[in-house]
Amino acid sequence: DTELQMGTHDLTVEFWLNTSAAETQKIISNGGQADSDDGYSIKILSNGFIKAGVSDGTTLLEKQNGAVAANDGNWHHCAVVFDRDHQLRVCVDGTCQTQLMEPLSDLNCDNTNDTFVMGRTATGNSSQSYTGSLDEVRIWNTALDNSTISDWQNQELTNSHPDISALQAYYK
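Cut-offs and rules
Residues numbered from 1 in each chain as written. Predicted model: local features only at pLDDT ≥ 70, side-chain atom pairs only at ≥ 80, totals over all residues. Heavy atoms only, no water. Pairing = 2+ DSSP bridges. Helix = DSSP H or I, 4+ residues; strand = E, 2+ residues; numbered from the N terminus. Core = buried A, V, L, I, M, F, W, Y, C linked by side-chain atoms within 4.5 Å. Buried < 20%, exposed > 50% of the residue type's maximum accessible area, 1.4 Å probe, protein only. Salt bridge = Lys/Arg side-chain N within 4 Å of Asp/Glu carboxyl O. Axes fitted to C-alpha atoms, helices over the stretch in contact; angles between N-to-C directions.

**Topic: the sheet that holds strand S9 (residues 117-118)**
1) Next: Judged by pairing direction, the sheet is antiparallel, and its five strands sit side by side in the order S5-S4-S3-S2-S9 without closing on themselves. Of all the strands in the sheet, just strand S5 (60-65) and S9 have a single pairing partner and so form its edges.
2) Next: With two bridges joining them, strand S2 (residues 25-30) and S9 adopt antiparallel strand pairing. Its bridge partner being in S9, Ile28 is matched across the sheet by Met118.

**Describing the nonpolar core**
1) Next: Ranked by size, the top nonpolar core spans 26 residues in total, and within it Phe15, Ile27, Tyr40 and Ile50 carry the most contacts.
2) Next: Of all the elements, strand S1 (residues 11-18) adds the most residues to this core, at four residues.
3) Next: Formed by nine residues, the second largest nonpolar core is a distinct cluster that contains Leu144, Trp152, Leu157 and Ala166.

**Thoughts on the environment of Ser55**
1) Next: Mapped onto the elements of the fold, Ser55 is located in strand S4 (residues 50-55).
2) Next: Here Ser55 falls in the buried class, since its relative accessible area comes to 0%.
3) Next: Each C-alpha atom, one on Ser55 and one on Gly39, is 5.4 Å from the other, the two residues being 16 residues apart in sequence.

**Things to note about the pattern of salt bridges**
1) Next: Applying the stated criterion to the full structure yields four salt bridges.
2) Next: Through salt bridges that share partners, Glu14, Glu136 and Arg138 make up one connected network.

**A few points about the sheet that holds strand S8 (residues 95-100)**
1) Next: Pairing is antiparallel across the open sheet formed by six strands, whose spatial order is S8-S7-S6-S1-S10-S11. Each edge of the open sheet carries a strand with a single partner, namely S8 and strand S11 (167-171). Between one strand axis and the next, the sheet turns by 10° as a mean value, whatever way the strands run.
2) Next: Two strands pair when backbone bridges link them, and S1 and strand S10 (residues 133-140) are joined in this way by six bridges, in the antiparallel orientation. Paired with Asn18 across the bridge in S10 is Ser133.

**Here we look at the pairing of strand S3 (residues 39-44)**
1) Next: In terms of burial, S3 is a largely internal element, six of the six residues being buried.
2) Next: Here S3 shows two buried faces, one formed by Gly39, Ser41 and Lys43 and the other by Tyr40, Ile42 and Ile44.
3) Next: Examined bridge by bridge, S2 and S3 share five bridges and lie antiparallel to one another. When the bridges of S3 are listed, Ile28 appears paired with Ile42.
4) Next: By the bridge criterion, six bridges tie S3 to S4 in an arrangement that is antiparallel. Bridging from a neighbouring strand, Tyr40 pairs with Val54 of S4.
5) Next: In sequence, S3 turns back onto S4 through a hairpin of five residues, with Gly48 there showing a positive phi of about 90°.

Right, dumping it as structure tokens:
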């Protein structure tokens, strides 16, 4: 799935989730599980915080949103923005926490080990499978700004979205 790879460009992954899980579970994964596993991953931790990671196969960069627990059985909007020139932003219900992306800004983060999956670690690894609901999963090959994410999080996409040409995948 080349369109879902991070490579050397920016990437935004946004989705709605609803879970009461009390253990770490993978939400979206395209590698990015360890220093040596190139790609990106998004998971929910046992404390309900969303954590994202990205790796070039040598260096792993991770950030969690420690402000909003998302495992309370309610729907939460999540957006993870991999802005290669600036920051990794992990946003839950509009509250964002950031990590500088400088160590990976010029490196290739294409996943060469696994394929894109939702709700599990990898196609051949069902550990930490996600138990909950996902809706409106959107993957963009650009770093969406916070105002665009906020403006569009509560509606289905249309051609009037300012970044519609950067949409790579849309799972309703």
